[in-house]
Amino acid sequence: MKERNTRQKEIIYDILCSSNNHPTVKELCDEINMKGYHIGQATVYRNVSKLVSLGKIKKFSTVDGVEHYDANCTFHAHFVCNCCHKICDVDDVCYDNIIAQIDKRFCISTVSVMLEGTCNLCQEIIDK
Ligand SMILES: [Zn+2]
Ligand SMILES: [Zn+2]
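Residues numbered from 1 in each chain as written. Chains lettered and ligands numbered in written order. Predicted model: local features only at pLDDT ≥ 70, side-chain atom pairs only at ≥ 80, totals over all residues.

**A word on the sheet that holds strand 5 (residues 114-117)**
Thinking step 1. In space, the three strands of this open sheet follow the order 4-3-5, with mixed pairing throughout. Two strands lie at the open edges of the sheet, namely strand 4 (87-90) and strand 5, each paired on one side alone. Averaged over all pairs of adjacent strands, the angle between strand axes in this sheet comes to 25°, irrespective of strand direction.
Thinking step 2. As defined by bridge partners, strand 3 (residues 77-81) adjoins strand 5 across four bridges and the pair is classed as parallel. (Pairing = 2+ DSSP bridges. Helix = DSSP H or I, 4+ residues; strand = E, 2+ residues; numbered from the N terminus. Axes fitted to C-alpha atoms, helices over the stretch in contact; angles between N-to-C directions.)

What follows is the structure, encoded as structure tokens:
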């Protein structure tokens, strides 16, 4: 039983690593099923929660309260497109400046930056 659980966790982690679209549990389930594995949504949810607590993946919520999972654990901001709802990684954000501007009363342990707007693809459609 233990071996099966470890295997499922590995499959879930591998699929999350190979997808860079910050899936929700539901989207992750669809992807797992599409690859021919059969893991229930409750099991996927339990495993991603475990991976989050192990620090292997990150969880964040968009303004609509939907939880997304990210295998990219490096410091990066997220851009959410208001048109197509795509979530992109933004790597070139200087967190040192942000942290330096924060009142010294606060001790920052983690920074999460969420940017919203229109992505370049949707912008092109609007411009036409
Ligand atoms: Zn877009
Ligand atoms: Zn990300």
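Next comes the rest of the description.
**A word on the packing of helix 2 (residues 25-34) against helix 3 (residues 41-53)**
Helix-helix packing: each pair is described by the crossing angle between the helix axes and the interaxial distance.
Thinking step 1. Look at helix 2 against helix 3: their axes get within 10 Å of each other, and the N-to-C directions meet at 115°. Considering their axes alone, helix 2 and helix 3 lie roughly perpendicular with respect to each other. Relative to helix 3, the crossing made by helix 2 is right-handed. Contacts from Val25, Lys26, Leu28, Cys29 and Ile32 in helix 2 reach Gln41, Val44, Tyr45 and Val48 in helix 3.
Thinking step 2. A class-by-class count of the residues in the contact of helix 2 with helix 3 yields seven nonpolar, one polar and one charged. (Parallel < 35°, antiparallel > 145°, perpendicular 65-115°, else oblique. Left-handed = near helix turned anticlockwise from the far one by under 90°. Contact = placed C-beta atoms within 7 Å. Nonpolar A, V, L, I, M, F, W, Y, C, P; charged D, E, K, R; others polar.)

**Comments concerning the pairing of strand 4**
Thinking step 1. As paired strands, strand 3 and strand 4 are joined by four bridges and run antiparallel to one another. Within strand 4, the residue paired with Ala77 across the bridge is Val90.
Thinking step 2. Hairpin geometry of strand 3 and strand 4 is characterised by an intervening segment of five residues between the two adjacent antiparallel strands and by a positive phi of about 65° at His85.

**Comments concerning the environment of Asp92**
Thinking step 1. Here Asp92 shows up in the loop between strand 4 and helix 4 (95-101).
Thinking step 2. Take Asp92: there are 6 C-beta atoms within 10 Å of it, and that puts it in the exposed class.
Thinking step 3. As a C-alpha pair, Asp92 and Phe75 span 17 residues in sequence and 9.7 Å in three-dimensional space. (Buried ≥ 20, exposed ≤ 12 C-beta atoms within 10 Å, placed from the backbone.)

**Examining unusual backbone geometry**
Thinking step 1. Positive phi, close to 50°, is recorded for His22, a residue that is not glycine.
Thinking step 2. Counting through the fold element by element, His22 comes out in the loop between helix 1 (2-18) and helix 2.
Thinking step 3. Within the chain, His85 stands out as a residue other than glycine whose phi angle is a positive 65°.
Thinking step 4. Residue placement: His85 occurs in the loop between strand 3 and strand 4.

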